[in-house]
Amino acid sequence: MTAIDQTEQLVLGADAQNLLFREARTANTFSDEPVTDEQVEAIYNLVKWGPTSMNQQPLRIVLVRSEQGRQRLLPHLVEGNRAKTEKAPLVAILATDTDFHENLPRLFPHAPNAKDIFADDDFREQNANLNGSLQVAYFILGIRAAGLAAGPMAGLDPAGINKEFFPDGKQQVLVVVNIGKPGENPWFDRLPRLDYDEVVTTV
């Protein structure tokens, strides 16, 4: 099947497919064009509809806009991530709320005992990490849907960021994402992907 045929198998238009996936790249440089609060709100209000287990919605977002906030963050990133984070129009710390279960009476109201299912700390943290990571992926796609580029980074000191930004211990950083319009030479060379037959099996 040709690439054109595969594109036509999807209901989503080819332009949107390219915007979200085929032509989207991880940006390493950004222009000076600002990212507004209105854009971020629109992104969140789109991606919040992505599914999570029992509608847990553990993702929490800290927008780092101030110079003071960046100076608090930069020491906890690996050296290779600091310069681009310092210059990005907007930086978001994406974290997961390990006390997500407190919201389940409102978010999952048809199961009155939903909160009690997550009484065990380890089980609750496992769920928070899984579903928070799902929401990170949705958020990155939402950034692309807004015509912006995302530069997600896992090269960081989680303990340091948690201590600096989440001292109560209830939230834990998952990833830091630079957000903005791509700048000069923003992309590395496109890396290969695994083929369908290497990933998919049928039983």
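The rules we used
Along each chain, residue indices are assigned from 1 in the same order as the chain's sequence is written. Selection of residues for local features in this predicted model requires a pLDDT of at least 70, selection of side-chain atom pairs for listing and counting requires 80 or more, and totals for whole chains, interfaces and linings are taken over all residues. By convention in this description, side-chain values take in all heavy atoms of the structure and omit both hydrogens and water. Each helix corresponds to a stretch of at least 4 residues labelled H or I by DSSP, and each strand to a stretch of at least 2 residues labelled E; elements are numbered beginning at the N terminus. Two residues form a contact once any of their heavy atoms are found within 4.5 Å. Surface accessibility follows the Shrake-Rupley procedure with a 1.4 Å probe radius. Residue values consider only the protein chains on display as shielding. Pairs of strands are assigned from DSSP output, requiring at least two bridges between the strands. Whenever a helix is involved, its axis is fitted only over the stretch in contact; in every case the axis is a line through C-alpha atoms, and angles between N-to-C directions fall within 0 to 180 degrees. Put simply, two rings from Phe, Tyr or Trp (the six-membered ring, in Trp's case) pair if the centres are within 6.5 Å, and we call them stacked under 30 degrees between planes, edge-to-face over 60, tilted for the rest. Think of it in three bands: with a 1.4 Å probe and only protein chains considered, a residue is buried below 20% of the maximum accessible area for its type, exposed above 50%, and partly exposed in between.

A. Region of the structure containing the overall build of the chain. When you go through the chain residue by residue, the secondary structure sums to ten helices and four strands. Counting helices and strands in the order they occur from the N terminus, the chain gives α-α-α-β-α-α-β-α-α-α-β-α-β-α. Principal-axis analysis of the C-alpha atoms gives the chain an extent of 50 × 50 × 35 Å. A sequence separation of at least 24 residues applies to 79% of the contacts in the chain between residues at least 6 apart. Total accessible area on the chain stands at roughly 12200 Å², and carbon and sulfur atoms take up 54% of it.

B. Region of interest: the sheet that holds strand β4 (residues 171-180). Strand order in the open sheet formed by four strands is β1-β2-β4-β3, and the pairing between neighbours is antiparallel. Pairing within the sheet leaves two strands with one partner each, and these edge strands are β1 (59-64) and β3 (149-153). The sheet shows a mean angle of 30 degrees between the axes of neighbouring strands, taken without regard to direction. Pairing between β1 and strand β2 (residues 90-97): six bridges, direction antiparallel. Residue pairing in the sheet places R60 in a bridge with A95 of β2. Here helix α5 (residues 79-87) sits on the sheet and contacts β2, β3 and β4; the angle it forms with β3, its principal contact strand, is near 145 degrees. Relative to the sheet, helix α9 (residues 158-165) contacts β2 and β4, its axis offset from that of β4 by approximately 95 degrees.

C. A look at the side chain of Q135. Summarising the element assignment, Q135 is placed in helix α8 (residues 121-145). Excluding residues that lie within four positions of it along the chain, Q135 makes contacts with T52, Q57, P58 and L59.

D. Main features of the packing of aromatic side chains. Applying the stated criterion to the full structure yields two aromatic pairs. Residues F100 and F118 carry aromatic rings whose centres are separated by 5.1 Å and whose planes lie at 70 degrees to one another, so their mutual orientation is edge-to-face. Here the residue F100 occupies a position in the loop between β2 and α6 (104-107), and F118 occupies one in the loop between α7 (114-117) and α8, the gap between them amounting to 18 residues. The buried category is assigned to F100, whose relative accessible area is 0%.

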